[in-house]
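Chain residues, written in single-letter form:
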Amino acid sequence: MDPQLKAQLRETIYVSTQAAVDAAGDPSYNAPAARLARVVNKRDTVDKADGTTLKTDVAIITEAEIGLHARVWLPGVDQTNATLARVPRFSERAITEHGTIDFFRTYL
């Protein structure tokens, strides 16, 4: 990750990854883990690669990917309360000029 961008990851979010899905299709999740992020609160329209558009209100920049089946607690939100978790709607990788992944942007 670019050092200037990494220095901007000053907010703590919590991410809980999906651990399993039971026979009824209900997911279970791992304990929330803290991650540094840059959280941008703004309404935006994202054009996806499949040609569809998506309206979002939060974009999160992280060094590690946040999967679409994860749950995310924004800064200041009680990560012990599952009902306050947000669900990622779209995720994209930012690729450097050398073809490597620089960072991940996740939209909620």
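What comes next concerns the included structure.

What counts, and at which threshold
Residues numbered from 1 in each chain as written. Predicted model: local features only at pLDDT ≥ 70, side-chain atom pairs only at ≥ 80, totals over all residues. Heavy atoms only, no water. Helix = DSSP H or I, 4+ residues; strand = E, 2+ residues; numbered from the N terminus. Buried < 20%, exposed > 50% of the residue type's maximum accessible area, 1.4 Å probe, protein only. Contact = heavy atoms within 4.5 Å. Areas by Shrake-Rupley, 256 points an atom, 1.4 Å probe, with all protein chains shown as cover. Lys, Arg positive; Asp, Glu negative; His and termini not counted. Charge placed at Lys NZ, Arg CZ, Asp CG, Glu CD. Core = buried A, V, L, I, M, F, W, Y, C linked by side-chain atoms within 4.5 Å. Salt bridge = Lys/Arg side-chain N within 4 Å of Asp/Glu carboxyl O. Pairing = 2+ DSSP bridges.

1. A word on the overall build of the protein
The helix and strand inventory of the protein stands at one helix and eight strands. Start at the N end of the protein and walk to the C end: the helices and strands fall as α-β-β-β-β-β-β-β-β. By principal-axis analysis of the C-alpha atoms, the protein measures approximately 45 × 35 × 25 Å. The buried share among the 108 residues of the protein stands at 29%. Put simply, of all contacts in the protein between residues at least 6 apart along the chain, 46% involve residues at least 24 apart. Carbon and sulfur atoms make up 49% of the accessible area of the protein, which totals about 6800 Å². In the protein, 13 positive and 14 negative side-chain charges are present, and the distance between their average locations comes to 4 Å.

2. Thoughts on the nonpolar core
Core analysis: the largest hydrophobic core is formed by 11 residues, namely Ile13, Val15, Ala37, Val39, Val58, Ile60, Ile66, Ala70, Val72, Leu74 and Leu108. Listed by contribution, the elements that provide at least two residues to this core are β1 (11–16), β4 (33–47) and β5 (53–62). Non-local contacts of Ile66, meaning those with residues more than four positions away in its chain, are made with Ile13, Val15, Arg35, Ile60, Val72, Pro88, Ser91 and Thr106.

3. Quick look at the pattern of salt bridges
Enumeration according to the criterion identifies four salt bridges in this entry. Two residues, Lys6 and Glu63, come together in a salt bridge whose shortest N-O distance is 3.4 Å. Pair noted here: Lys6 is in helix α1 (residues 3–6) and Glu63 is in the loop between β5 and β6 (71–73), with a separation of 57 residues, a long-range link. For Glu63, a relative accessible area of 41% puts it in the partly exposed group. A salt bridge links Glu65 to Arg93, with the nearest nitrogen and oxygen atoms 3.5 Å apart.

4. A short note on the pairing of β4
Looking along a regular strand, one sees the side chains alternate between the two faces of the sheet. The pairing of β1 with β4 spans five bridges and is classified as antiparallel. Bridge pairing in β4 places Glu11 opposite Ala37. Note that β4 and β5 share eight bridges and pair antiparallel. In the sheet register, Asp44 faces β5, and the bridge partner there is Thr56.

5. Describing the side chain of Thr106
Mapped onto the secondary structure, Thr106 falls in strand β8 (residues 101–107). Using a relative accessible area of 0% as the deciding quantity, one classes Thr106 as buried. Non-local contacts of Thr106, meaning those with residues more than four positions away in its chain, are made with Val58, Ala59, Ile60, Ile66, Pro88, Phe90 and Ser91.

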